[in-house]
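Here is what each chain is made of, one letter per residue.
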Amino acid sequence: MRSRAECLLPVLVVGVCCGELCDVSNSSVDECDLQVELIQTASILEERVQPKGDAFEDAPLRASAFDHEALQAPNSLVKALLAKIQNPERVLMIESSSTAGVNNATATASSTTLSTPNSFEVFGAASAFSLTVILMALCLFGCVRDRYPAVYLKKVNDPGSHGEVPPDISSSFGWMTVCWRLPVDEIANHSNLDHGMLVQFCDAAVMCFLSTGLPALLILCPLCALVGAGTASNLGLLGFANVAKGSWITYLYPIFVWYTVVVTQAFIFRAQRAFVERRYQWLRTMTEPRANSVLLSNLPDNLMKESALRTFLEEQIFGASNREVLQSVSFVKDTNQLDKLVAERARYNEDLQKLVQGEVHERRKAIARAEMSKVEGQVAKLQGIIEQSDDYNLNLAFVSFHDRHDAVIVLKLFAPGGNEDIIAELPPDTDDVIWNDLRPSQSQWLYDFTGYFLLAFVFVIFVPLVAYNASFTEVAVWEKNDSNVKSFMNLYPVVAVFSDAIVAPLVLIFLMGILCSIIASILVNFFVLKARGILQHLVQRWYYVYLVIFVLFLTAVGKSLTNSLGDLFKDPKEIPKVLAESFADCTLFYMDFIVLTCCIYALALLRLMPLYRYRIHSCVYEDRIAIAKSEPEDQDYNGMGARSARLSLCYVVVLILGTLAPVITILGAILFAICRIVFTYLFVYAETLKPDLGGLFWHQQLKHVQLGTFLYIALMTVLLLQRAPNYIPGVLCGSSVLFMAFSYYTFLHKFRWEQLEFSEIPAKVSEGAPEIPRVYGHYKQPELPPPKSKENLKLQRAATTMRARVDACCDVGPQRREKRDMSRHKTMP
């Protein structure tokens, strides 16, 4: 018995051949091809019809132009053929869409064969790697700390900035307990106020993240996992990624946003009030001449003489004919001619030291000493001429007053931005002045323009690097581009998991470290800074802006950069939406980033570069000189500016994503706890004393956190407007910006911390330490002979390491450094 399909096939073939071929001249080329294809298909099917059963065989067809499902049943085949005969144009459209669907299904099937790592496995791999590195760093630190005390226990036997000896840490791991419990005020006493406030920032971050993260972890995570109704899996179940559009859970998120904003501001204001008290104490105990001096710049030509400037200040400003107002006036001199002789003297001194240390004939030593004496005579003669003449004066001068009230009056009267042409500023630390920047060239505008151009150029260069790192450092992308990589990852899945966990975050951390050094190099070579502390503050401001753009925005968008970049250019209004969705989808990456940052800060304990330099120099020089040459640590990456900017970024990352993925708040608390221990040890025991800006980095950090809170509110508002069933959750969340704006305005204008009021200024003796004289250092160029003044020996001993650091960094000749070291060691007990 022949099947029904077998009976119909000849009829269909005849109909196609007779009915359709008659109109070939009037049909298009596509219709002709369709008819030929139908004829071929019909003949093939007729050959494959079997006498038993109604089903076709499963062998594939060689040329099929209709849906592949028609091969499974004769009825569908007949219907498909009849449809082709009756309406070939419609069938062409259906077939093209069906073919596209088959192709898409095939592509989807092939893409699903790529490895999609489990988020739990990736996070576990990052945590295991970070924990392993931390344990290895602690073991190595325990081995090298006692072996190289000159690098790791430098300040155990030396006093800090207030003459205090650090606590004992003789046990192997007892130092962690001591560093965790050491109060901020003691840290500031052993190092400086900037270091103490950096540790205070870590303490505030730990408390803030625990206060905001634990409620979200206990409430939001179970709700998102159980009733979120989303499509997320693994770690995504515990966050906003598992909240479906229109879910009632979105009504809870405005409550947590308000709670996070209020708690963050409460901790910031409490910490700022404590800082103001510490700042006032720092101002009261500031040593002279910094405490009673001002830096006057932009002086007119008629005041560029010492006598004229004294008359102007004493008579015209203070009208004090019956009392002496000024203590000293030190103009910045033009010492270009003297610099050449000082460099020549340094070169002769270095050659003489080599001859003295080597086995050389006494006659050569005598000749070298004679040449050295000749150069020293020329230097002394030119120094006297420059010091006594007003022709070498520049339009900057350090003016010291007998009374600190007079210095404050001048600072307020000639403050920057006022109506006076003369500008008065609080001078930097005596050891922190960059004297070359006080003598800027007339073409300084060209240097400034070049510096800004280079900063913009660096930004443009790093954009594709960071975007490439975000888009193409995943194992799935590697497997898609290279079949060998795919085979290797299938053989070793552990490698795939660890690659997804650590490659992209570590590459990003490495790129940001290089960026920090580049920014610092541009700032120090093209801009007028006047002090190294000001350099660190500029690094903090510029570096933080770049970090936010690269680590937050560009990395988040870069995860889908190839798909979303064109759409963003076509419709810029979609940028906030894309950014918000990108942050919600990239929580796993930032969790890995925070976890791996923990091991980076643990490695800072090893002080690898100072240890390496000390080992190299100790082979050539004696121990004292080797220690001086090994310090300080890299001030580009490990300076106060870069450290403050990176901690601010970590705080903002955790703050922004803390409500989307509450787990990251616990990771942030762990990170800042590690930073608290590491930085306390480095500041109190290991690193040399640094110039103190009195909390300027702290204030900038709090401003960064405040601005990050605005970003957090904007992100959550956009996400809630997209996911919530109506606009109410988004509006409630956005309303917190009003409270935040009021809080930020209060923060900027309520706290008065820059200067003391007149009633709070001590007259002659520092409050809190009346037994210690306040005189230390001087404001005179190092090329000129120092003034004859009696300095406090305790302060001189406390600043020994600082002096050594400055001598290594400043352009001061070796002969002067040698004399200064000799005099210092003579006075030290």
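Residues numbered from 1 in each chain as written. Predicted model: local features only at pLDDT ≥ 70, side-chain atom pairs only at ≥ 80, totals over all residues. Heavy atoms only, no water.

Moving on to the overall build of the chain. When its secondary structure is counted, the chain shows 32 helices and four strands. Split into buried and exposed, the 829 residues of the chain put 48% on the buried side. The contacts in the chain between residues at least 6 apart in sequence include a share of 80% that link residues at least 24 apart. About 39,700 Å² of surface is accessible on the chain, with carbon and sulfur atoms providing 61% of the total. (Helix = DSSP H or I, 4+ residues; strand = E, 2+ residues; numbered from the N terminus. Buried < 20%, exposed > 50% of the residue type's maximum accessible area, 1.4 Å probe, protein only. Contact = heavy atoms within 4.5 Å. Areas by Shrake-Rupley, 256 points an atom, 1.4 Å probe, with all protein chains shown as cover.)

The element strand β1 (residues 293-297) is largely enclosed, with a buried count of five among its five residues. Of the two faces of β1, the one holding S293, L295 and S297 and the one holding V294 and L296 are both buried throughout.

A few words on helix α29 (residues 736-750). Side chains three or four residues apart in an α-helix point the same way, a direct result of the helix having 3.6 residues per turn. Between its first and last C-alpha, α29 extends 21 Å over 15 residues, near the 21 Å set by a 1.5 Å rise per residue. Residues S736, M740, S743, Y744, T746 and F747 constitute the buried set of α29. With its buried residues spanning 160 degrees around the axis, α29 presents them on a single face. Turned more than 90 degrees away from the buried face of α29, the exposed residues are L738, F742, Y745 and H749. Against the buried residues of α29 lie α10 (253-284), α27 (696-723) and α28 (728-734). (Expected span 1.5 Å × (residues − 1). Arc of directions from axis to C-beta.)

Attention now goes to the environment of R310. Assignment of secondary structure puts R310 in helix α11 (residues 306-317). Sequence-wise, R310 and V329 are 19 residues apart; in three dimensions their C-alpha atoms are separated by 7.9 Å.

With respect to the helices, strands and loops of the structure, S130 is situated in helix α5 (residues 119-147). Look past the residues within four positions of S130 in its chain and what remains in contact with it is V595, L596, C598 and C599.

This next bit is on the sheet that holds strand β2 (residues 326-333). If you trace the four strands from one edge of the open sheet to the other, you get β2-β3-β1-β4, paired in antiparallel fashion. Pairing within the sheet leaves two strands with one partner each, and these edge strands are β2 and β4 (423-425). Ignoring which end each strand starts from, the neighbouring axes of this sheet average 25 degrees apart. Against the sheet, α11 engages β1, β2 and β3 (393-401), with an angle of about 135 degrees to β2. (Pairing = 2+ DSSP bridges. Axes fitted to C-alpha atoms, helices over the stretch in contact; angles between N-to-C directions.)

Residues of the chain with pLDDT of at least 70 account for 73%, and the chain-wide mean is 77. For the stretch residues 48-115, pLDDT sits under 50, and the model shows 66 contacts to residues farther than four places along the chain or on other chains. A low-confidence stretch, residues 765-773 stays under pLDDT 50, and its non-local contacts, those more than four residues away or across chains, total 15 contacts. (pLDDT = per-residue confidence, 0-100.)

For the bond running from E288 to P289, omega is 10 degrees, close enough to zero to count as cis. With respect to the element layout, P289 can be found in the loop between α10 and β1. Here the residue pair E631 and P632 is connected by a cis peptide bond, since its omega of -5 degrees sits within 30 degrees of zero. One can find P632 in the loop between α24 (623-630) and α25 (640-657).

Let us look at the pattern of salt bridges. For the structure on display, the rule yields 13 salt bridges. Residues K154 and E631 are paired through a salt bridge, measuring 3.4 Å at the closest nitrogen-oxygen approach. A residue pair is termed long-range when its members are at least 10 positions apart, and K154 in the loop between α6 (149-152) and α7 (174-181) and E631 in the loop between α24 and α25 qualify at 477 residues. Using a relative accessible area of 9% as the deciding quantity, one classes K154 as buried. (Salt bridge = Lys/Arg side-chain N within 4 Å of Asp/Glu carboxyl O.)

Turning our eyes to something else, we now look at the nonpolar core. Counting residues in each nonpolar core, the largest one holds 147 residues, and the members touching the most others are M512, Y543, Y590, F672, F679 and Y681. Per element, the largest residue contribution to this core is 17 residues, and it comes from helix α26 (residues 663-686). Counting residues in each nonpolar core, the second largest holds 21 residues, with L303, V329, V399 and L411 among its members. (Core = buried A, V, L, I, M, F, W, Y, C linked by side-chain atoms within 4.5 Å.)

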